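# Structural features, examined
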Amino acid sequence: ATAHEPAYLRGLNEPQRDAVLTSEGPVLVLAGAGTGKTAALTARLAHLIATRRAWPSEILAVTFTNKAAREMKERVGRIVGDAVEGMPWLGTFHSVAAKMLRRHAELVGLQANFTILDTDDQIRLLKQLIAAADIDEKRWPARLLAGCIDRWKNRGWIPAQVDAGESETYANGKGAELYARYQERLRTLNACDFGDLLLHMLTILKTNREVLELYQQRFKYIMVDEYQDTNQSQYLWLRLLAQERKNICCVGDDDQSIYSWRGAEIANILRFEKDFPGAKIIRLEQNYRSTPNILAAASGLIANNGGRLGKTLWTEHDDGEKVQVVGVWDGPEEARRIGEEIEALQRRGGHIADTAILVRAQFQTREFEDRFIAIGLPYRIVGGFRFYERQEIRDALAYLRIIAQPADDLAFERIVNTPKRGLGDKAVQKIHSVARATGQPLLAAAAQMLDTDELTPQARRALGNFVGDFARWRGKLNELPHGELARLVLDESGYTAMLQADRSAESAGRLENLAELTRAMEEYETLGAFLEHVSLVMENDAERDTEKVTIMTIHAAKGLEFGTVFLAGWEEGVFPSQRSLDEGGNSALEEERRLAYVAITRARHKCFIFHAANRRIYGQWTSSIPSRFVAELPDAHIEQESSMSGGESLWRANWSERADPFADVARGTTRGPGWRRAVTGGFERNPTRIVEVKASAVSLGNPGRTDISLGQRVFH
Ligand code: ATP
Ligand code: MG
């Protein structure tokens, strides 16, 4: 390091510098968690701008979440100042693709103001198509078809590319045809779904040389974070864009690939070297995030996966505390214990904003919410029950969408009778048939119907008001600030009054959410910009500005770090998930294990792992045994504790009264007090009902050890 070294290089280690300074040609940074991949990528971005290798607008930088994009922009901004302002191409795959697609929409038969559908809209639309094709939706659910279409889009397939075998997966071969019809319908609606953002851009780049060359010229440098989670369509898109200049730098970690269910392919890491011959591979081995105990626990766990690219990790930190594995009686106790730990942390002066509870599945968060509300511990839930997915928010957005784009039929259907205004199914069906016959959007068809006697006088009056309202609101679009307009719309439509009249506990929260929505809108210059933002907030981003504990899924925590991390619900059937166990085979289980690796490596100083002996899942109590992942943690780096001693005698008593459900099952060796109790006692007693368990003995891959796995639960 020299005295004149630029700020962005300071503190970086040799291989990190290499990743920053090798600006020309393909570079792949392959390294474990917390080794400074994102830090190096950020410095690289600063370097390219500061040395004038490219204008900010000439760099394409893809992050996994909108929040990551914002952070990167902030960090680069601190280094290069205002130059960072014009970074239009820094964002998630979806946001970048959406921006491009708006410019070239007509090339795939859309208009620039196309709507981006959410899952609800998508399902509603598919249901209509399924019904029209005379397929029994009960047998072939729309969600199944949505899943197929998603998968095909993730692979970059347009309907004509879906092969026969794949098409078979829905309604005996009707999948591809329905996919084609779905795409047609989207086009008439001037809409697209998430998968389309990439797929359409891919189609455009493949079929339109001019556009391809435009972007190949524009993007002097391309960078991708969390590369292990790109899907095929994203990969093809990157490859096309980078093919000309080949200045592409991807960073990732094969052990952190956790989105295969969304089409991510680790194989993209291996393809990189093939598609970009001469690519420089850089490995980072020093971990700056976690203590050796945390790191060793995570490494020991992930070592149980096969087919890894393999890597070394080391750190200069002091050992730190061991990973603390805690066995508790049930879910509520887990929440109580974690609440106590956090309060103790607070008393010691720790920042709870630097604390997170990570769960495998969304349903696990409620227990913590209940507890934290009871003890007055501020928390935020990230992901899952995302703000913009709440019913009242979606209703409000539907009103706004129609104002922005009167042809938005899905929005129309959503709110035409919400609040109830006497426009029932019959009336809506009539509007539909007029729309079909005249080839107009529903709102236009509705307006036309006011002059006919197709509707009952009552329905006609209601529809007249409805149509008139929208005309008036649209007229105000340029007069009022759009937050104001939204408030007006909610009042005049009767939506606010509907919630006020509803005296349920929920409705107060809903009104608050709507107030929050109008507040949020004010941050955007136009209604269009706001709606675009909403459709792109897939990941509800964690803001950490206030002192709150974060509760989130492990999936949402990717790339983040916290001083203290609580990992809850490490039980067979919760984590690894029941679905991964049912699936059998190794690949689902290995993905769960990578998820566990991601979870542990989010912690800087302290990591707790909890497992409960009893858990209520979907309203039913089940007994559970600790996750195999607990057993896979290396002994030397963990500390086990069980809080169940008090309940032991009761537990034992119940045990002796009943036949041993494991009588014909080989009993394995177990370890640790929590573990042993859970195995020998986990199924004996159930707080609310008697459970008969058909268990099976399985070897979990540890030689010389057989553990009991929950085979099937039978409730009486
Ligand atoms: P993940 O795989 O979880 O995404 P990562 O490899 O992207 O992790 P970063 O988030 O970039 O890792 O860095 C982890 C932590 O280490 C951050 O707090 C970062 O500020 C710090 N860090 C990175 N590089 C260095 C360095 N050279 N010196 C000191 N600290 C560093
Ligand atoms: Mg990272």
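For the structure itself, look to the data block above.
This text gives an overview of the structure that appears in the document. Throughout, residues of each chain are indexed from 1 in the direction in which the sequence is written. Here every chain gets a letter starting at A, and every ligand a number starting at 1, in the order they are written. Residues qualify for local features only when their pLDDT is at least 70, as the model is predicted, and side-chain atom pairs are given and counted only at 80 or more; totals for whole chains, interfaces and linings, by contrast, use all residues. Note that the side-chain values use all heavy atoms of the structure and ignore hydrogens as well as water.

### Some words on the overall build of the chain
Scanning the chain for helices and strands turns up 29 helices and 18 strands. In this analysis, two residues are considered to be in contact whenever any of their non-hydrogen atoms come within 4.5 Å of each other. When contacts within the chain are restricted to residue pairs at least 6 apart in sequence, those whose partners lie at least 24 apart make up 77%. Counting only carbon and sulfur atoms, one obtains 49% of the accessible surface of the chain, whose full area is about 30,300 Å². Each helix is a run of H or I in the DSSP string that is no shorter than four residues. Each strand is a run of E no shorter than two, and both are numbered from the N terminus. For the accessible areas, the method is Shrake-Rupley and the probe is 1.4 Å, while residue cover comes only from the protein chains on display.

### Concerning the site of ligand 1
Contacts to ligand 1 come from 19 residues, most closely from G11, K37, T38, E561 and R602. Between ligand 1 and the protein, one listed contact pairs an oxygen atom with a backbone N or O atom of G34 at 3.0 Å. Each polar contact in these results corresponds to two N or O atoms within 3.5 Å; when the atoms are within protein, one needs to be able to donate a hydrogen and the other to accept it, and residues that are neighboring in sequence are counted only if both atoms are side-chain atoms. Between ligand 1 and K37, the relevant distance is 2.6 Å, taken from an oxygen atom to a side-chain nitrogen or oxygen of the residue. Relative to its unbound accessible area of 640 Å², ligand 1 is 79% covered by the protein chains. Any residue with at least one heavy atom within 4 Å of a molecule or strand is counted as near it.

### Thoughts on helix 5 (residues 119-132)
An α-helix turns once every 3.6 residues. As a result, residues three or four positions apart point the same way. With 14 residues, helix 5 extends 20 Å from end C-alpha to end C-alpha; this agrees with the ideal 20 Å at 1.5 Å per step. Those residues of helix 5 not exposed but buried are D121, Q122, I123, L125, L126, L129 and I130. Its buried side turned inward, helix 5 meets helix 6 (142-154), helix 8 (175-188), helix 16 (391-404) and helix 17 (409-415). Positive backbone phi, approximately 60 degrees, marks D134, located one or two places after helix 5. Multiplying 1.5 Å by the residue count of a helix minus one yields the expected span of that helix. For every residue, the accessible area (1.4 Å probe, protein chains only) is compared with the maximum for its type, and the residue is labelled buried under 20%, exposed over 50%, or partly exposed between those bounds.

### Some remarks on helix 18 (residues 425-438)
For helix 18, which comprises 14 residues, the first-to-last C-alpha distance of 20 Å matches the rise-based estimate of 20 Å (1.5 Å per residue) to within 8%. The complete set of buried residues in helix 18 reads A427, V428, I431, H432, V434 and A435. Burial along helix 18 is one-sided: seen end-on, the buried residues are contained in an arc of 165 degrees. Opposite its buried face, helix 18 presents the exposed residues D425, K426, Q429, R436 and A437, each directed more than 90 degrees away. Packing partners of the buried residues in helix 18 comprise helix 17, helix 19 (442-449) and helix 20 (457-476). Positive backbone phi, at 65 degrees, marks G439, one or two positions downstream of helix 18. Think of it as the arc spanned by the lines of direction from the helix axis to the C-beta atoms.

### Let's talk about the packing of aromatic side chains
Centres within 6.5 Å are what make two rings of Phe, Tyr or Trp a pair, Trp counting through its six-membered ring; a difference in plane orientation under 30 degrees is then read as stacked, over 60 as edge-to-face, and the rest as tilted. Counting across every chain of the model gives 23 aromatic pairs. Both rings, one in W89 and one in Y215, keep their centres 6.1 Å apart while their planes meet at 85 degrees; by these two values the pair is edge-to-face. With W89 in the loop between helix 3 (66-80) and strand 3 (90-91) and Y215 in helix 10 (residues 209-218), this pair connects stretches of sequence that are 126 residues apart. For the ring pair W570 and F629, a centre distance of 6.3 Å and an interplane angle of 75 degrees mean the geometry is edge-to-face. Separated by 59 residues along the polypeptide, W570 in the loop between strand 13 (562-567) and helix 25 (578-583) and F629 in helix 27 (residues 628-632) bring together distant segments of the chain. F629 matches W570 in its accessibility class, with the two residues each being buried. In textbook terms, an aromatic cluster arises when at least three aromatic residues are bridged by ring pairs, as seen for Y399, F412, F466, F470 and W473.

### Some details on the pairing of strand 7 (residues 248-252)
Within strand 7, five of the five residues are buried, which leaves it mostly tucked inside the rest of the structure. Neither face of strand 7 is exposed, since I248, C250 and G252 on one face and C249 and V251 on the opposite face are all buried. Note: two strands are recorded as paired if DSSP finds a minimum of 2 bridges between them. Here four bridges tie strand 1 (residues 27-31) to strand 7, and the two strands are oriented parallel to one another. Pairing of V27 across the sheet is with C249, part of strand 7. Summarising the sheet, strand 6 (residues 221-224) and strand 7 pair through three bridges and their orientation is parallel. Pairing of V224 across the sheet is with C250, part of strand 7. Note on handedness: a clockwise path from strand one over the helix to strand two, with the strands aimed away from the viewer, defines a right-handed crossover. Between the parallel pair strand 6 and strand 7, the chain is carried across by helix 11 (residues 232-242), and the sense of this crossover is right-handed.

Function-wise, these values are silent; they only describe arrangement.
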